[in-house]
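Letter by letter, the chains look like this.
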Amino acid sequence: MQSFIRLTDFKKEELFEIFRIADNIEDYKGFLNGKTVVMFFPSSSIRTRVSFEKGIYLLGGQSILFDPSTLDKKEDLKDVCGYLQNWADAVVVRYKDIDLLDRMSKSMNIPVINALTDDNHPCEMMSDLYSLSKIREDFLKDEYLFVGASGNIGKAWKEAADAFCFSLTQSCPDKYSIQGIENIADLRKAISGKDIVCTDSFPKDMAQEYQVTKELMEMANSNAVLNPCPPFYRGEEVSEDVIDSDFFVGYEFKHSLLKIQQAILIYCICGMQVMNL
Ligand SMILES: NC(=O)OP(=O)(O)O
């Protein structure tokens with residue numbers, strides 16, 4: 001078993017193995033029969049939680065949901081985990097502090113799967129890249145642009161670029177730049193030559209200057225796509241017209257969350273054994 005906390009904990013071929021499991025998800029029917037996945041999600045999560053719950057149900061498993069504040073008990077986390085592993089086969093955690101996930105992983109012999117922290121969002125990145133792998137000629141040769149401030153989604157894109165080795169540029173005021181990525185503060189210059197434009201909600205002082213519009217997307221490479229991280233806000237980081245245009249990859253793009261999160265659970269519970277199935 002292996003936890004799924006950072007993409008950079010995995011070799012590229014291991015991440016592609018998760019894609020392979022997702023491609024063949026029908027072969028894993030009943031994989032979670034008799035198994036329980038304990039999930040910690042705040043009420044704000046819609047997409048990640050629904051797709052995890054549905055994915056566990058379709059694999060024959062049971063999910064039990066707690067609010068993440070349950071992990072803030074006075075009881076030592078090691079003791080919570082020591083008991084939990086008696087009945088759970090994996091845990092899925094959305095929590096601000098990634099250190100808590102690392103501590104849970106060290107305290108249990110079951111996988112801990114990161115469903116968003118203040119540092120990253122590895123399941124969402126895997127789903128986006130899997131979806132892109134299906135619609136782009138070679139998604140690793142595309143030029144990626146992240147429009148937004150340093151935050152969990154921007155850092156998640158950097159982590160994904162490091163793990164999969166693709167080219168990523170950021171566009172934001174210099175004060176919001178992410179260490180280790182080129183920042184082109186002028187969005188008009190930054191978008192030129194890009195294939196995949198990603199956004200996150202951003203601080204109010206970025207709103208107008210950095211709003212991705214249809215006119216701006218027309219300055220990117222032909223066949224460029226806009227992949228905003230939901231929840232996105234029309235009229236803030238993205239214009240109404242760009243969301244209603246063909247540049248927006250659409251709601252169905254996130255359909256892959258279901259398969260990919262199922263594949264992550266399978267991979268993490270089985271580890272290398274799945275490669276021999
Ligand atoms: N993007 C994302 O993680 O969506 P939810 O917060 O709705 O799960």
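This is a predicted model, so every value here is computed, not measured.

Scoring rules and cut-offs
Residues numbered from 1 in each chain as written. Predicted model: local features only at pLDDT ≥ 70, side-chain atom pairs only at ≥ 80, totals over all residues. Heavy atoms only, no water. Axes fitted to C-alpha atoms, helices over the stretch in contact; angles between N-to-C directions. Helix = DSSP H or I, 4+ residues; strand = E, 2+ residues; numbered from the N terminus. Parallel < 35°, antiparallel > 145°, perpendicular 65-115°, else oblique. Left-handed = near helix turned anticlockwise from the far one by under 90°. Contact = heavy atoms within 4.5 Å. Nonpolar A, V, L, I, M, F, W, Y, C, P; charged D, E, K, R; others polar. pLDDT = per-residue confidence, 0-100. Pairing = 2+ DSSP bridges. Salt bridge = Lys/Arg side-chain N within 4 Å of Asp/Glu carboxyl O. Near = heavy atom within 4 Å. Domains from an automatic or database assignment.

Participant: If you had to explain the packing of helix α5 (residues 122-135) against helix α10 (residues 256-270) to someone new, which residues and values would you point to?
Facilitator: Two numbers describe how α5 lies on α10: the axes approach to 9 Å, and their chain directions differ by 120°. Relative to α10, the element α5 is oriented oblique. Seen along the crossing, α5 lies across α10 with a hand that is right-handed. Contact residues: α5 offers Cys123, Glu124, Met126, Ser127, Tyr130 and Ser131, while α10 offers Ser256, Leu257, Lys259, Ile260, Gln261 and Ile264. Of the residues in the contact of α5 with α10, the class split is six nonpolar, four polar and two charged.

Participant: Tell me about the confidence of the model for the protein, and please be specific about residues and values.
Facilitator: With 97% of its residues at a pLDDT of 70 or more, the protein shows a mean pLDDT of 96. For this predicted complex, the interface score ipTM comes out at 0.99, alongside a pTM of 0.96.

Participant: I'd like a description of the pairing of strand β2 (residues 62-66), backed by residues and values.
Facilitator: Sheet analysis places strand β1 (residues 36-40) next to β2, joined by five bridges and oriented parallel. Bridged to Val38 within β2 is Ile64.

Participant: Explain the pattern of salt bridges to me, using residue names and the numbers behind them.
Facilitator: Considering all chains together, one arrives at 19 salt bridges under this definition. Here Asp102 makes a salt bridge to Arg6, at a shortest N to O gap of 2.7 Å. Residue Asp102 is located in helix α4 (residues 98-107), and its partner Arg6 is located in the segment before α1 (12-23); the two are separated by 96 residues in the primary sequence. Each of Glu124, Asp128 and Lys254 takes part in a single network of salt bridges with overlapping partners.

Participant: Can you break down the site of the ligand residue by residue, with the values?
Facilitator: Around the ligand sit Ser45, Ile46, Arg47, Thr48, Arg94, His121, Glu124, Cys229 and Pro230, and those are all the residues in its vicinity. Residues of the shell around the ligand, tallied by class, amount to three nonpolar, three polar and three charged. If you count residues domain by domain, the shell around the ligand takes at least three from each of domain 1 (7-121 + 255-276) and domain 2 (122-253).

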